[in-house]
Amino acid sequence: MKVSVIGAGYVGLISGACLAELGHDIILVDVDKEKIATINTGKNLPIYEEGLEELLSRVHIKTSSDYAEAASADVFLICVGTTADESGAIFSRHLVTATGQIAAAVKDRQDYYVVAVKSTVSPGTTEEVVIPILEKAGKKAGVDFGVCMTPEFLTEGRGIYNFMNPNRIIIGEYDKRSGDVLERLHRGLDAPVLRTGLSTAEMIKLASNAFLATKISYINEIGNICKRLGIDTYDVARGMGLDDRIGQKFLNAGIGFGGSCLPKDLKILISSAQKADYQPDLLQSVTDLNEAQALKPVELLEKHISLKGATVGILGLSFKPGTDDIRDSRAIRIVRVLLDEGAAVKAYDPLALGKFLELFPEVKAATAEEVVDSDAVLILTEWAEFDKLDYRGRIVIDGRRIEKAREARIYEGVCW
Ligand SMILES: NC(=O)c1ccc[n+]([C@@H]2O[C@H](COP(=O)([O-])OP(=O)(O)OC[C@H]3O[C@@H](n4cnc5c(N)ncnc54)[C@H](O)[C@@H]3O)[C@@H](O)[C@H]2O)c1
């Protein structure tokens, strides 16, 4: 099938490359010309994702910043970024613009095509925002074109594996004809397919991420209690996880979740609930606990040193290992507080250092060893290489349970 993937970020680039691997004819469209030029070089891609460079060198995908070149697709897959503002209202400016650009590109077409939203959006967005824009030029959904909402569940760092080996494929469809096209697009992937309405698909994505976020905040709350009672949270989590109704995943207590998805998706869900006149107290607590958890390392650090004039070393800047993505990473909040309190900060991350320094030019880039050689060290991302450093004689506050760090002179885990 001919597929125009709209937006060449984490989701669009990975989806485009994987759909090409499945045999589809892909054109990747992004308004960011610099990003398109970088992708075309095949080297130093705008994002780091394991196996992506190799996959892109093997499959052939076209790229463009011009929607006219992408106009003849069977499927338009919208993968542009969506964000939520502080109130949780979804900020879908890019989605509105991209949909308008698709509508303009296809206005003279007489044949059938499907527009599918892959970006995470609040329930009702595809029906109430996307379809009206596509119909503006006189075309009719379900007659001239089809519409789907097919949420993405990949996790950064394992994006290609996740895309090629999904747990499930969710296809929210405007009508059967649209859904049939999307089901054909995913042919070759071995996973159960669930076909639903458009809003249900939108909600499945938000509810899934809210559940994972809840699991994290839950174990962090248990961890905060365990720390006070002198119980090892990780032993508790292991014992809990052996129950197959609970499972081991997402039970690593620590400094909470960041990234571009979980915090935002919770905000969107809370805001959608409030608009429907329901106060989602559980979800609000998950968010509040996560916010408070981020600052636990600083609270613990202040028990041992005075921040003013101290040099604090940060190990780990990305929101999780395996990615260079720092969006909403815990390190951002923590470093801001440290600097505000008068500390000097040096930092190391195997992938995210460059992006972080753009945000905080006052932070000193260092090797992992140089970072350990500070007045105190905070471990904020669980990169495996941090388990090989020599922490002896140091003060370490560990947000991610790095076993080797326990050899430090003073060691504190946030939840253990
Ligand atoms: N990153 C993830 O792990 C992940 C996982 C699942 C779902 N999602 C969701 O997928 C969506 C995309 O996320 P992302 O992380 O890939 O975002 P991103 O910010 O990395 O990429 C979005 C891209 O869209 C481009 N863009 C913006 N407006 C455009 C337009 N009008 N036409 C063409 N391109 C345009 C931007 O230049 C950017 O390259 C979001 O809704 C996100 O919540 C992300």
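This one's a predicted model, so the numbers in the text were calculated from it and none came from an experiment. (Residues numbered from 1 in each chain as written. Predicted model: local features only at pLDDT ≥ 70, side-chain atom pairs only at ≥ 80, totals over all residues. Heavy atoms only, no water.)

Some points on the site of the ligand
Inference 1: The immediate surroundings of the ligand are formed by 30 residues, with Asp-30, Lys-35, Tyr-67, Thr-82 and Lys-264 found nearest.
Inference 2: Within the side chain of Gln-101, a nitrogen or oxygen atom sits 2.9 Å from a nitrogen atom of the ligand.
Inference 3: Interatomic distance of 2.9 Å between a side-chain N/O atom of Arg-327 and an oxygen atom of the ligand.
Inference 4: In the complex, 91% of the free accessible area of the ligand, which totals 830 Å², lies under the protein chains.
Inference 5: In the shell around the ligand, the residues fall into 12 nonpolar, 10 polar and 8 charged. (Near = heavy atom within 4 Å. Polar contact = N/O pair within 3.5 Å; in protein donor to acceptor, adjacent residues only side chain to side chain. Areas by Shrake-Rupley, 256 points an atom, 1.4 Å probe, with all protein chains shown as cover. Nonpolar A, V, L, I, M, F, W, Y, C, P; charged D, E, K, R; others polar.)

Description of the pattern of salt bridges
Inference 1: Applying the stated criterion to the full structure yields 29 salt bridges.
Inference 2: For Lys-227, the salt bridge is made with Glu-412, and the minimal N-O distance between the two is 2.8 Å. Taken as a pair, Lys-227 in helix α8 (residues 198-229) and Glu-412 in strand β16 (residues 410-413) lie far apart in primary sequence, 185 residues in all.
Inference 3: Given a relative accessible area of 10%, Glu-412 falls into the buried group.
Inference 4: Here Asp-243 ties to Arg-245 by a salt bridge, and the two come within 2.7 Å at their closest N and O atoms.
Inference 5: Note on Asp-243: relative accessible area 23%, which makes it partly exposed.
Inference 6: Each of Glu-173, Lys-176, Asp-180, Glu-183 and Arg-195 takes part in one network of salt bridges that share partners. (Salt bridge = Lys/Arg side-chain N within 4 Å of Asp/Glu carboxyl O. Helix = DSSP H or I, 4+ residues; strand = E, 2+ residues; numbered from the N terminus. Buried < 20%, exposed > 50% of the residue type's maximum accessible area, 1.4 Å probe, protein only.)

Re the sheet that holds strand β15 (residues 395-398)
Inference 1: Read across the open sheet, the 6 strands follow the order β13-β12-β11-β14-β15-β16; overall the sheet is parallel. Strands with a single pairing partner mark the edges of an open sheet, and in this sheet they are β13 (364-365) and β16. (Pairing = 2+ DSSP bridges.)

Comments concerning a nonpolar patch on the surface
Inference 1: Together, Ile-225, Leu-229 and Ile-231 make up a nonpolar patch on the protein surface, roughly 280 Å² of accessible area in all.
Inference 2: Mapped onto the elements of the fold, Ile-231 is located in the loop between α8 and α9 (233-241).
Inference 3: Relative accessible area serves as the criterion here: at 39%, Ile-231 is assigned to the partly exposed category. (Patch = residues over 30% accessible without salt bridge, like charges linked within 9 Å, V, L, I, M, F, W, Y side chains within 5 Å.)

Structural notes on the nonpolar core
Inference 1: Judged by nonpolar contacts, the single largest core of 55 residues is most densely connected at Ile-314, Leu-315, Leu-338 and Tyr-391.
Inference 2: Per element, the largest residue contribution to this core is 5 residues, and it comes from helix α13 (residues 330-340).
Inference 3: Among the nonpolar cores identified, the runner-up in size contains 37 residues, and Val-5, Leu-55, Ile-171 and Leu-189 belong to it. (Core = buried A, V, L, I, M, F, W, Y, C linked by side-chain atoms within 4.5 Å.)

Things to note about unusual backbone geometry
Inference 1: Even without a glycine there, the phi angle at Phe-250 is positive, about 65°.
Inference 2: Tracing the backbone shows Phe-250 in the loop between α9 and α10 (262-275).
Inference 3: For Arg-401, which is not glycine, the phi torsion reads 60° and is therefore positive.

Focus on the packing of aromatic side chains
Inference 1: As enumerated under the stated definition, the model contains 5 aromatic pairs in all.
Inference 2: Between Tyr-113 and Phe-145 the ring centres are 5.7 Å apart and the planes differ by 10°, which places this aromatic pair in the stacked class. Of this pair, Tyr-113 sits in strand β7 (residues 113-117) while Phe-145 sits in strand β8 (residues 145-149), placing them 32 residues apart in sequence. The two residues Tyr-113 and Phe-145 agree in class, both being buried.
Inference 3: Taken together, the ring pairs connect Phe-76, Tyr-113 and Phe-145 into an aromatic cluster. (Phe/Tyr/Trp six-rings, centres within 6.5 Å; stacked < 30°, edge-to-face > 60°.)

Description of the environment of Tyr-10
Inference 1: Along the chain, the position of Tyr-10 falls in helix α1 (residues 10-21).
Inference 2: C-alpha separation for the pair Tyr-10 and Ile-47, spaced 37 residues apart in sequence, amounts to 6.8 Å.
Inference 3: Those residues in contact with Tyr-10, other than ones at most four positions away along the chain, are Ile-47, Tyr-48, Glu-49, Glu-156, Thr-323, Asp-324, Asp-325, Arg-327 and Lys-355.
Inference 4: Among the polar contacts listed, one links the side chain of Tyr-10 to the side chain of Lys-355, at a separation of 3.5 Å. (Contact = heavy atoms within 4.5 Å.)

Focus on the environment of Glu-50
Inference 1: Residue position: Glu-50 is located in the loop between α2 (33-41) and α3 (52-58).
Inference 2: Classification of Glu-50 by relative accessible area gives exposed; the value is 55%.
Inference 3: Once you skip the residues sitting within four places of it in the chain, Glu-50 turns out to touch Gly-157 and Ile-160.

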